[in-house]
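Fold and geometry: a report
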Protein chains: 4
Amino acid sequence: MTEHRGEAEARERVEYIASRDPFIKTLGIRLVEAGFGHARVAFTVAHKHLNFGGSCHGGVLFSLADTAFGLASNSHGALAVGIDTHMTFSVAVREGDVLTASAKEISRTRRLGIYRVEVTREDGALVAAFTGTVYISSRTIDEQGGPR
Amino acid sequence: MTEHRGEAEARERVEYIASRDPFIKTLGIRLVEAGFGHARVAFTVAHKHLNFGGSCHGGVLFSLADTAFGLASNSHGALAVGIDTHMTFSVAVREGDVLTASAKEISRTRRLGIYRVEVTREDGALVAAFTGTVYISSRTIDEQGGPR
Amino acid sequence: MTEHRGEAEARERVEYIASRDPFIKTLGIRLVEAGFGHARVAFTVAHKHLNFGGSCHGGVLFSLADTAFGLASNSHGALAVGIDTHMTFSVAVREGDVLTASAKEISRTRRLGIYRVEVTREDGALVAAFTGTVYISSRTIDEQGGPR
Amino acid sequence: MTEHRGEAEARERVEYIASRDPFIKTLGIRLVEAGFGHARVAFTVAHKHLNFGGSCHGGVLFSLADTAFGLASNSHGALAVGIDTHMTFSVAVREGDVLTASAKEISRTRRLGIYRVEVTREDGALVAAFTGTVYISSRTIDEQGGPR
């Protein structure tokens, strides 16, 4: 199987996973691109996502980053479960802002994977920087109801 | 002003904040109790909060903890903004589970506050352990539209 | 085997581990007490541990917390390896201050353990709050040269 | 003042800071390069830096990353104090390994700065990924005894 075929398979798997995730739909997160160990999602902040101060709720920003992390870490086909996450918040985000979260793999062994995610605003400002670790189980996404 | 009166004022302020937070309503998070530097919220996991594997999405668990953190850190009246969060995930949570997040202040200086939050399931199992830091601005909640 | 015997065995194991750790000796960290899933160490800050500003270097504070974490997580006999740590810093520490780091287990499954550590100064002030996750390998401490 | 002159001034300031830091000397950390918002340090692992299992102690790896973080965040001239750090550990490091830690600024406002640090082994393997936040005080490095 060529590298190209592999990337297409990973993208298909991530699309399948994203399509079956109720909370991704609840928030309205859109998958932009994906492949082995990486994924990018986008999101538009609505009034219902704000906190009492009128900024986007930290939980929404985290959910966006965590979704990119979950898709990237499950792109290989083995079920990966988030065990640890860290996130810093740099700038406030308002209603109507369009955000992008890009996850990339920085380390992956048999049982553990580490990912970094950057959340940016449409003007390029860094909104949040996320790091997450997954435990890679011996189950595959397919056994979870995946494409094959 | 007695200590008792202060606690009541802090609880009132947190109730006011929670009532004005659109995302708390979007998720259906309920305020259970609050005072100076602490807050407890509860939440019932519905289908729309699940991830593709059928567990509660990490973003939902984080949102619950982050809400308790935000309420506890704003209970003093100065506007506190989350700058850094860490969360570990211990057990999977399913549809119908009732979760509680309890935040307590472990350090507070003029400009920085640190809070720890535990998310537990109704059977007492620790679901997630959260630590968050806020930057305490010179604005008060009142200027944000608070009770006074 | 009674609970009491188990605690004594865990304490013996931790004492053995601590006695074989070159960096614990390099820094001069002292084991105070230990048992299944918990450990407490103490340390006196010397001039060689300071940073350029005259406070205790963050790396020294982390090393103290990380040592308590490593001892507590290896107290069960299976080799546990740190994979993720988070630490907040609350107050500055000076030369001559005596610090204590206390680690306790907040979650442990077959492959993952989560620990929280508090570093305090002799006046009781919270210096640092640490959270760490270990991956529990299938090797035992004994194979690493442990007591049995 | 040209950009070039500014970079030279930042490098000089970092060299000065590093030369006055007792713990950097205690560990034997070497400054490789620095400028506004970035710094790179190197370190050779000796026997005294190992843990009981024969790997480099987590506290040593953290100290290396934290040093790069401290130098990069103080390169602007305002005294920056670490308030929050996160670190993941990917591969074991042995006696004799040469490590490099590179810190870069990912966000900086008037009061807060966020830095990411990568620790790598001489074969290019990622050893640890670090994120740190500083609070930027109103004191300057000069008042701390800096170059001017």
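Residues numbered from 1 in each chain as written. Chains lettered and ligands numbered in written order. Predicted model: local features only at pLDDT ≥ 70, side-chain atom pairs only at ≥ 80, totals over all residues.

What about the relation of the copies chain C and chain D?
Threshold: The least-squares superposition of copies is restricted to C-alpha atoms, and to residues with a pLDDT of at least 70 in both copies. In this description, any two residues whose backbone-derived C-beta atoms lie within 7 Å of each other are considered to be in contact.
Here chain C sits on chain D after a turn of 180° about the axis and a move of 0.0 Å along it, with an RMSD of 0.0 Å. Seen this way, the second copy is the image of the first under a two-fold rotation axis. Ranked by how close their C-alpha atoms come to the rotation axis, the residues of chain C are headed by His86(C), at 2.2 Å. An overlap of 100% is found between the interface residues of chain C and their copies at the interface of chain D, pointing to a shared contact surface.

A word on the interface of chain C and chain D
We apply this condition: Helix and strand labels come from DSSP, where a helix needs a run of H or I of at least four residues and a strand needs a run of E of at least two; each type is numbered from the N terminus. Lys, Arg, Asp and Glu make up the charged group, whereas Ala, Val, Leu, Ile, Met, Phe, Trp, Tyr, Cys and Pro make up the nonpolar group; the residues left over, Gly among them, are polar. A pair of strands is treated as paired once DSSP finds two or more bridges between them.
Residue-level contacts link 32 residues of chain C with 32 residues of chain D. Looking at the side of chain C that touches chain D, the elements that each hand over two or more residues are α2 (22–27), α3 (58–73) and β3 (78–89) of chain C. Here the element with the most residues in the side of chain C that touches chain D is β3(C); it accounts for nine residues. Taken together, the residues of the side of chain C that touches chain D sort by class into eleven nonpolar, 16 polar and five charged. In terms of strand pairing, β3(C) meets strand β3 (residues 78–89) of chain D through five bridges, oriented antiparallel. Within β3(D), the position partnered with Thr85(C) by the bridge is Met87(D).

What to know about the confidence of the model for chain A
Detailed conclusions should not be drawn from predicted coordinates in areas where pLDDT is low. Put simply, the rule is: What pLDDT conveys is the predictor's confidence in a given residue, as a value from 0 to 100.
Here chain A averages 93 in pLDDT, and 92% of its residues register 70 or above. Per the prediction output, this complex has pTM 0.94; the corresponding ipTM is 0.94.

Digging into the sheet that holds strand β6 (residues 126–140) of chain B
Applicable threshold: Throughout, an axis means a line fitted to C-alpha atoms (over the contacting stretch in the case of helices), and angles, computed between N-to-C directions, take values from 0 to 180 degrees.
Pairing is antiparallel across the open sheet formed by twelve strands, whose spatial order is β1(A)-β2(A)-β4(A)-β5(A)-β6(A)-β3(A)-β3(B)-β6(B)-β5(B)-β4(B)-β2(B)-β1(B). This sheet does not close on itself; its edge strands, each paired only once, are β1 (30–35) of chain A together with β1 (30–35) of chain B. Taking each pair of neighbouring strands and ignoring which way they run, the sheet shows an average axis angle of 20°. Relative to strand β6 (residues 126–140) of chain A, strand β5 (residues 112–121) of chain A is paired through nine bridges, and the arrangement is antiparallel. From the neighbouring strand, Val119(A) faces β6(A), where its bridge partner is Ala128(A).

Things to note about the pairing of strand β4 (residues 98–108) of chain D
Residues and elements named next belong to chain D. Sheet topology note: the strand β2 (residues 38–44)/β4 ladder contains seven bridges and is antiparallel. The residue bridging Thr-44 from the neighbouring strand is Val-98, located in β4. Direction of pairing for β4 relative to strand β5 (residues 112–121): antiparallel, over a ladder of nine bridges. Note that in β5 the partner of Arg-108 across the bridge is Gly-113. Between β4 and β5, which pair antiparallel in sequence order, lie three residues.

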